[in-house]
Amino acid sequence: MEAEAAMAKFAAVKEKFGYDLHVFETSVVSSSLSQASNDEDTDDFYEFTIEDYYRLLPTKKEDKYLKTKQIREAEEAARRSRITKTAIRIRFPDNHTLEVVFHPSEKIQSLFDLLSRVLAQPEVPFYLYTTPPKKQIKDLSQDFYSAGLIPGAIVYFSYDKPNGKNNAAFSSGPFLQEEVMSLKGLDAVPEPAEPVQTALEPVRTAPPPVPQEPKAAGKKPVKPKWLKM
């Protein structure tokens, strides 16, 4: 019954907002790391290391081979066709995360439109950013694929705090509506796995016995001539 109630709640939220929404609490470790990333980082943090060089080395090798525009466009189209969804996780300052699955061809504007409907204070201006380094998402006309937010990405939420306002009121939450927060702790029931069909080995039957000629009844065995008694 609990599973059915959870499925019904997920279905009701999807019907209202148009997307599958999932809410979970961010771990303390990850939240502390995100908080540290919000602070001013030193120049050493962004220093190009030898590990970064070797990580980029395969890309540099590929760049050595010149490709025509048609080949590059064909390869890009093939890569794009393979990605059919992107999971965007929006992390809030109160250690909660909202996960939404979009199609890569959707505009980033659709993410902002959805947030304006699920936020507890939709009237307060807000912005999203990625990190590190901290970069605000401004071009809402891009699709998720062009923006590099595939096959998934973590973005961070922040209110555009007005001057003179209490900053604590904008960082304590709640950030999401009560209806959306009620999804926290609920797990969607996975679809039953289809039975795996294995190839049956052919049944090996023994070949039929070769019929033997019946012995003539009443016929005595003939003694060979070489046998001398």
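Residues numbered from 1 in each chain as written. Predicted model: local features only at pLDDT ≥ 70, side-chain atom pairs only at ≥ 80, totals over all residues. Heavy atoms only, no water.

(A) Region of interest: the nonpolar core. Formed by 33 residues in total, the largest nonpolar core has its most connected members in Leu21, Ile90 and Leu98. Those elements giving two or more residues to this core turn out to be helix H1 (2-17), strand S1 (21-25), strand S2 (86-91), strand S3 (96-102), helix H5 (109-118), strand S4 (126-130) and strand S6 (152-159). Not counting residues within four places of it along the chain, the set of residues in contact with Leu98 comprises Leu21, His22, Val23, Ile88, Arg89, Ile90, Phe92, Leu115, Val118, Leu176 and Val180. (Core = buried A, V, L, I, M, F, W, Y, C linked by side-chain atoms within 4.5 Å. Buried < 20%, exposed > 50% of the residue type's maximum accessible area, 1.4 Å probe, protein only. Helix = DSSP H or I, 4+ residues; strand = E, 2+ residues; numbered from the N terminus. Contact = heavy atoms within 4.5 Å.)

(B) Highlighting the pairing of S4. S4 sits mainly inside the fold: 4 of its 5 residues count as buried. Sheet analysis places S4 next to S6, joined by 4 bridges and oriented antiparallel. Looking across to S6, one finds that Phe126 is bridged to Tyr159. Pairing of S4 with strand S5 (residues 135-136), which is carried by 2 bridges, proceeds in the antiparallel orientation. Looking at the pairing, Tyr129 lines up with Gln136 of S5. Counting the residues that bridge the hairpin from S4 to S5 gives 4 residues. (Pairing = 2+ DSSP bridges.)

(C) Main features of the environment of Ala5. Tracing the backbone through its elements, the reader meets Ala5 in helix H1. The exposure class of Ala5 is partly exposed, given its relative accessible area of 47%. A C-alpha to C-alpha distance of 9.6 Å links Ala5 and Leu186, two positions 181 residues apart in sequence.

(D) Spotlight on the sheet that holds S3. Spatial strand order, S1-S3-S2-S6-S4-S5: 6 strands in an open sheet with mixed pairing. Since the sheet does not close on itself, it has two edges, and those belong to S1 and S5, each with one partner. Alignment of S1 against S3, held across 5 bridges, turns out to be antiparallel. Directly across from Leu21, in S3, lies its bridge partner Val100.

(E) Molecular detail of the confidence of the model for the protein. Summary statistics for the protein give a mean pLDDT of 75 and a share of 59% for residues scoring 70 or more. Of all helices and strands in the protein, the one with the weakest mean pLDDT is helix H2 (residues 28-38) (45), whereas H5 scores best (97). The low-confidence segment residues 29-46 (pLDDT under 50) makes 11 contacts with residues lying over four places distant or belonging to another chain. Segment residues 189-205: pLDDT under 50, and 2 contacts once partners within four positions in sequence are set aside and those in other chains are kept. (pLDDT = per-residue confidence, 0-100.)

(F) Quick look at the pattern of salt bridges. If you walk through the whole model with that rule in mind, you get 4 salt bridges. A salt bridge links Lys14 to Asp20; its shortest N-O distance comes to 3.6 Å. Here Asp20 falls in the partly exposed class, since its relative accessible area comes to 36%. One salt bridge connects Arg89 with Glu99, and the closest N-O pair in it is separated by 2.7 Å. Pair noted here: Arg89 is in strand S2 and Glu99 is in strand S3, with a separation of 10 residues, a long-range link. (Salt bridge = Lys/Arg side-chain N within 4 Å of Asp/Glu carboxyl O.)

(G) Quick look at unusual backbone geometry. Following Pro132, the chain continues to Pro133 via a peptide bond in cis, the omega torsion being -15 degrees. Position of Pro133 among the secondary structure elements: in the loop between S4 and S5. The residue after Ile150, namely Pro151, is reached through a cis peptide bond having omega -10 degrees. Inspection of the secondary structure puts Pro151 in the loop between S5 and S6. The phi torsion at Asn95 lies on the positive side, around 70 degrees, for a residue other than glycine.

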